[in-house]
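What follows is each chain in one-letter form.
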Amino acid sequence: MSTQVLPGAISRRPSSLVRAGVIAGLSDVVPVVIGLVPFALLVGVAVGESPIPDLAGLVLSFLVGAGASQMATLTIVDGGGAVATAVLAGLVINARLVMYAAALAPRFRAQPAWFRWAGPHTIVDQTFALTMRRSERDPAWFRGYWFGVSGLLVTCWVGVIAVGIVAGPVLPPGLSLDFTVPVMFVALLMPLLTDPPRRVAALTAAVTTVPALHLPHGLGLLLGVVVGAAAGALVSRRHVR
Amino acid sequence: MTAIVALTLLAAGTWLLRVVFITMLHPAALPAPVRATLDFVAPAALAGLVVTVLSGGDGVSGLRLSLAEAVALIAAAVVALRGGTLLLTIGAGLLVLWTGQLLAGI
C-alpha cells in the first residue's frame, strides 16, 4: 500500500500550526494594541518624570509588564515610601494574574518547559482575555498564538512607553483617546457573556468592585473579581442541577 | 536607585505570580470550589476593569459619564454583541463619542 500525501496535509504539521497561531494572534491583538496606546503613554510619562534613568526605566517596564502596578510602585517610592510597601502594593494589584495563570494552565500544560517558564511573563488582562475567547486547544497552535499576541503587544507597549518617556504627553487631549481603554475592555467582555452564569459573574463583579474601589492598592478590583467569579460558579452549579 | 530596586523586586514577584500555577503548582492542587470559579474569572475581571477604569479608581463618586461617553459605550457593547471585531467595536465606540462631543459642543 502506497503512502499518499494529501493536499493540505502539511497544514497539520506543528510548524504550520504555529504559523497559523501567530497569524491569528497578530490579527486578534491589533485593535487591543491601539486601545493600549494612551495608557502606555501615561506610563512612559511617569517613568520619564521618575528619578530612574530612561533606559533602565524602559527595561524595567518590559520586565514588570503590568502598567498599573508599576505606576503604583513608582508613586509610593517617589513619595518617600518604603521599598517593601511599594513592592507589596504593586504585587497586590497584580494578584489577579495568579487567577489568570490558573485559568490558562491547561493551555500551557502540553508546552515545552522553556515555554512554560518564559511564556507566562506576558500574562496580562489583554492576553488573558483574547486567549479565553479562543477555543483552539492544539499546543503548537496555542504557542504560535501566544507568540503573536504577546510579541506585538509587548513590542508596542515598550515602544509607546519609550515615546512617552522621550516626548511626554504628545497627544492633544481633545481626542479622548484614554476612552479607548474602557471601550477595549467592553469589546473583550461582551462576547464572553454567553450564558447566565457568566452574565451573573460579570454583573456581580461590577457591582462589588465599584463600592470597594476605596480599598487601598487595587484590592477593590481583586475583591470584585473573586466575588464575581464565585457568584458565576454558584449559579452554574444550580444550572447543572 | 530605590526606585530601580523596587521595580526589580516588583518584576521578580510579578513573574512568580504568573508562573506559580503553570510551572510550579498544578491547578488541581486547588480546592474544588476554587477550581470551579476559574471559568468565570475572565468575565468577572473584565467587568471589574470596566467599572474601575470608568470611575478613575474613585468608586461610586467617580462614576460620572457624560451622555456622549455613555452612548459610546452602549454603541460599542451593541457592536460587540452583534459579532463585531475588536477593531470595529473600538472604532464604533470612538466614532460615537467624537460625534456626541461634537454635537454637545455646538
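Thresholds, definitions, all that
Residues numbered from 1 in each chain as written. Chains lettered and ligands numbered in written order. Predicted model: local features only at pLDDT ≥ 70, side-chain atom pairs only at ≥ 80, totals over all residues. Heavy atoms only, no water. Helix = DSSP H or I, 4+ residues; strand = E, 2+ residues; numbered from the N terminus. Contact = heavy atoms within 4.5 Å. 1 Å grid on protein atoms, 1.4 Å probe; cavity = no way out; pocket = protein on both sides within 12 Å on 5 of 7 lines; lining within 4 Å. Points joined across faces, edges and corners; volume = space filled by probe spheres on them. Nonpolar A, V, L, I, M, F, W, Y, C, P; charged D, E, K, R; others polar. Buried area = accessible area lost by both parts, 1.4 Å probe. Salt bridge = Lys/Arg side-chain N within 4 Å of Asp/Glu carboxyl O. Polar contact = N/O pair within 3.5 Å; in protein donor to acceptor, adjacent residues only side chain to side chain. pLDDT = per-residue confidence, 0-100. Axes fitted to C-alpha atoms, helices over the stretch in contact; angles between N-to-C directions. Parallel < 35°, antiparallel > 145°, perpendicular 65-115°, else oblique. Left-handed = near helix turned anticlockwise from the far one by under 90°. Expected span 1.5 Å × (residues − 1). Buried < 20%, exposed > 50% of the residue type's maximum accessible area, 1.4 Å probe, protein only. Phe/Tyr/Trp six-rings, centres within 6.5 Å; stacked < 30°, edge-to-face > 60°.

1. Details of the environment of A:Ala102
If you trace the backbone, A:Ala102 turns up in helix α5 (residues 96-109). Once you skip the residues sitting within four places of it in the chain, A:Ala102 turns out to touch B:Phe21, B:Pro27, B:Leu30 and B:Leu38.

2. With respect to the layout of surface pockets
Left-over empty space is what a probe sized like a water molecule reveals as it rolls over the atoms. What the second largest pocket holds in volume is close to 370 Å³. Together, 18 residues line the second largest pocket, and A:Ala103, A:Met132, A:Arg137, B:Leu38 and B:Asp39 are the ones closest to its centre. Counting residues per element, the lining of the second largest pocket draws most heavily on α5(A), at four residues. In terms of residue class, the lining of the second largest pocket is made up of 11 nonpolar, one polar and six charged.

3. A short note on the interface of chain B and chain A
Residue-level contacts link 65 residues of chain B with 82 residues of chain A. Summed over both partners, the interface of chain B with chain A comes to about 6300 Å²; 83% of that surface belongs to carbon and sulfur atoms. Along the contact surface separating chain B from chain A lie zero salt bridges. Run the count over chain B and chain A and you get seven residue pairs in polar contact (both at pLDDT 80 or more). Looking at the side of chain B that touches chain A, the elements that each hand over two or more residues are α1 (2-24), α2 (32-37), α3 (41-55), α4 (67-81) and α5 (86-105) of chain B. Among the elements that line the side of chain B that touches chain A, the one with the most residues is α1(B), at 21 residues. Of the residues belonging to the side of chain B that touches chain A, the class tally is 46 nonpolar, 15 polar and four charged.

4. Description of empty space enclosed by the protein
Residues and elements named next belong to chain A. This model, assessed by the stated rule, comprises one cavity of 30 Å³ or more. Residue lining of the largest cavity: Val33, Leu36, Val37, Ala40, Leu153, Cys156, Trp157 and Val160, and that is the complete set. Classifying every residue of the lining of the largest cavity by side-chain character gives eight nonpolar, no polar and no charged.

5. Looking at the confidence of the model for chain A
Detailed reading of the predicted coordinates is not advisable wherever pLDDT falls low. All names here are of chain A. When pLDDT is averaged along chain A, the result is 83; 88% of the residues meet or exceed 70. The secondary structure element of chain A with the lowest average pLDDT is helix α3 (residues 67-78), at 76, and the one with the highest is helix α6 (residues 113-118), at 94. Note that residues 1-10 has pLDDT below 50 and, in this model, one contact with residues that lie over four places away or in other chains.

6. Some words on the confidence of the model for chain B
All names here are of chain B. Residues with a pLDDT of 70 or more make up 92% of chain B, whose mean pLDDT is 84. When mean pLDDT is taken per element in chain B, α1 scores highest with 92 and α2 scores lowest with 82. For this predicted complex, the interface confidence score (ipTM) comes to 0.81, while the overall pTM stands at 0.69.

7. Considering the environment of B:Ile74
By secondary structure assignment, the location of B:Ile74 is in helix α4. With 19 residues separating them along the chain, B:Ile74 and B:Gly93 place their C-alpha atoms 8.1 Å apart.

8. Quick notes on the packing of helix α9 (residues 180-189) of chain A against α3(B)
Where α9(A) contacts α3(B), the axes come no closer than 9 Å and their chain directions differ by 160°. Judged by the inter-axis angle, α9(A) sits roughly antiparallel to α3(B). Note on packing geometry: the crossing formed by α9(A) with α3(B) is left-handed. Residue-level contacts link A:Val181, A:Pro182, A:Phe185, A:Val186, A:Leu188 and A:Leu189 of α9(A) to B:Pro43, B:Leu46, B:Ala47, B:Leu49, B:Val50, B:Val53 and B:Leu54 of α3(B). Its residues assigned to classes, the contact of α9(A) with α3(B) comprises 13 nonpolar, no polar and no charged.

9. Details of α4(B)
End to end, α4(B) covers 21 Å across 15 residues, agreeing with the expected 21 Å (1.5 Å per residue, within 8%). Listed as buried for α4(B) are B:Ala68, B:Ala72, B:Leu73, B:Ala75, B:Ala76, B:Ala77 and B:Ala80. Looking at the buried residues of α4(B), the elements they touch are α9 of chain A together with α3 and α5 of chain B. Positive phi appears at B:Gly83, one or two residues downstream of α4(B), with a value of about 90°.

10. Let's talk about the pattern of salt bridges
Residue and element names in this part refer to chain A. Following the criterion strictly, the structure yields three salt bridges over all chains and no others. Between Asp28 and Arg134 there is a salt bridge, with its nearest N and O atoms 3.0 Å apart. Of the two residues, Asp28 is situated in helix α1 (residues 14-49) and Arg134 in the loop between α7 (125-132) and α8 (139-167); the sequence distance between them amounts to 106 residues. The shortest N-O distance in the salt bridge between Asp195 and Arg198 comes to 2.9 Å.

11. Observations concerning the packing of helix α2 (residues 54-64) of chain A against α8(A)
All names here are of chain A. Relative to each other, α2 and α8 sit at 150°, their axes nearing to 10 Å. Compared by their axis directions, α2 and α8 come out roughly antiparallel. The interaxial crossing formed by α2 with α8 has right-handed handedness. Contact with α2, carried on its side by Asp54, Leu58, Ser61 and Phe62, involves Val154, Trp157, Val158, Ile161, Ala162 and Ile165 of α8 and no other residues of that element. The class makeup of the residues in the contact of α2 with α8 is eight nonpolar, one polar and one charged.

12. Structural notes on the packing of aromatic side chains
All names here are of chain A. Counted according to the given criterion, the structure contains 11 aromatic pairs over all chains. Ring geometry for Phe108 versus Trp146: centroids 5.4 Å apart, planes at 80°, classification edge-to-face. Of this pair, Phe108 sits in helix α5 while Trp146 sits in helix α8, and the two are 38 residues apart along the sequence. When its relative accessible area of 2% is taken as the criterion, Trp146 is described as buried. Feature note: the residues Phe108, Trp114, Phe115, Phe142, Trp146 and Phe147 constitute an aromatic cluster, connected by ring pairs.

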